[in-house]
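# Analysis of the macromolecular model
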Amino acid sequence: MSASLSETSAVSFREGVPYWIFWFLLSLIVLLLFFILLRDKELRRRLSLSLAGTKRRVLRKSLELRLLREKRKKAFLCREIGRTVWGEKIFPDDFRPAFDRLGRIEKEIAARHALLQDLYDEIQKVKTGPGEDRKRRRIRELERKSKAERRRLREKGREKSREYERLGSRTDEMRIEHDSLAEWYVRIDKVNRAILAVLDRIEKTG
């Protein structure tokens, strides 16, 4: 309603005066505001500080997002280093505790996969069996167990990823020489330099 009235008023104004006078008055208002800004040093200073502060906050936020991306890259590279060390059994004596934990996690994951398969087989067996009422209560029970088991399996997968990351980070700190790790070191050094550069720029933004 208000928008319609505003449009009607604007149309009436333009119809009541020559078109060029409308733009002349509008330009005059803009020019007056410009002169006021030029003469008022305090207003200019506050406006400048406000713009500078906004620009600094936007820049800092952008840098923080970039830092987060670089840290995620480093975490990914550490997981891949850990996966390589574990997969190729590189210097197992140096990483015995991590190898033991990963071995235990893999056994648990394999056992849960087997249990899930058993639950799936049981569900299929019940579906083809007699007694519709009993089949519905029993199937729901098995599906609940299956859902819970899948959740535990995902948790174990995340635990394994964290263990890979810790192993990779430890390997990176030790810088154990191995042909399969050389390229990973190059890539992680590049990310480390990027992280330091971003941190330096964040510090300079205040």
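None of the values given here were measured: they were computed from a predicted structure.

This part is about the packing of aromatic side chains. Following the criterion strictly, the structure yields one aromatic pair and no others. The residue whose ring lies beneath K89 is W86, and the NZ or CZ to ring-centre distance is 3.9 Å.

Looking now at helix α6 (residues 182-204). Between the first and last C-alpha of α6 there are 34 Å, a value that for 23 residues agrees with the 33 Å anticipated at 1.5 Å per step. Within α6, the full set of buried residues consists of W184, Y185, I188, V191, A194, I195, V198 and I202.

Attention shifts here to the nonpolar core. I81, V85, W86, F95, F99, L167 and L181 are the most contacted members of the largest nonpolar core, which has 23 residues in total. Secondary-structure elements contributing two or more residues to this core are α3 (41-87), α4 (96-127), α5 (132-174) and α6. L181 has contacts with I81, T84, V85, I90, T171 and I176, leaving out every residue within four places of it along the chain. Counting residues in hydrophobic clusters, the runner-up holds five residues, among them L119, I123, V126 and I139.

Our focus in this paragraph is a positive patch on the surface. A surface patch of positive charge is lined by K147, R150, R151, R154, R158 and R162. Relative to the elements of secondary structure, R154 occurs in helix α5. With a relative accessible area of 48%, R154 lands in the partly exposed category.

What follows is about the pattern of salt bridges. Evaluation of the coordinates by the stated rule reveals 20 salt bridges. The salt bridge partner of R79 is E165, with a shortest N-O separation of 3.4 Å. Of this pair, R79 sits in helix α3 while E165 sits in helix α5, and the two are 86 residues apart along the sequence. Judged by relative accessible area, R79 falls into the partly exposed class, the value being 23%. Two residues, E173 and R170, come together in a salt bridge whose shortest N-O distance is 3.6 Å. Residue E173 and its partner R170 are both found in helix α5; the two are separated by three residues, about one turn of the helix. On the basis of relative accessible area, E173 is assigned to the exposed category, the value being 57%. Classification of R170 as partly exposed rests on a relative accessible area of 45%.

Conventions we followed
- The residue numbers shown here count from 1 along each chain, following its written sequence.
- With pLDDT at 70 or above as the cut-off, local features in this predicted model cover only qualifying residues; side-chain atom pairs require 80 or more to be listed or tallied, and sums for whole chains, interfaces and linings still use all residues.
- Just so you know, side-chain values use all the structure's heavy atoms and leave hydrogens and water out.
- Under the pairing criterion, centres of Phe, Tyr and Trp rings, with the six-membered ring standing for Trp, must be within 6.5 Å; the plane angle then separates stacked pairs below 30 degrees from edge-to-face pairs above 60, leaving the rest tilted.
- In this scheme, Lys NZ or Arg CZ marks a charge over a ring once it lies within 6 Å of the ring centre and within 35 degrees of the ring normal.
- Only DSSP runs of H or I with at least four residues qualify as helices, and only runs of E with at least two residues qualify as strands; both kinds are numbered from the N terminus onward.
- Expected span, for any helix, means 1.5 Å times one less than how many residues it has.
- Burial classification: accessible surface area is computed with a 1.4 Å probe over protein chains only, and a residue below 20% of its type maximum counts as buried, one above 50% as exposed, and the rest as partly exposed.
- By nonpolar core is meant a set of buried Ala, Val, Leu, Ile, Met, Phe, Trp, Tyr and Cys residues that side-chain atoms within 4.5 Å join together.
- Any two residues whose heavy atoms approach within 4.5 Å at even a single point are treated as in contact.
- Within this analysis, patches are made of residues with over 30% relative accessible area and no salt bridge. Like charges are joined at 9 Å or less; nonpolar side chains (Val, Leu, Ile, Met, Phe, Trp, Tyr) at 5 Å or less.
- All accessible-area figures derive from a Shrake-Rupley calculation using a 1.4 Å probe, and residue coverage is judged against the displayed protein chains alone.
- Salt bridge, as used here, is a side-chain nitrogen of Lys or Arg placed within 4 Å of a carboxyl oxygen of Asp or Glu.
- Just so you know, the count uses Lys and Arg for positive and Asp and Glu for negative, and it drops His and the chain ends.
- By convention, the charge on Lys lies at NZ, on Arg at CZ, on Asp at CG and on Glu at CD.

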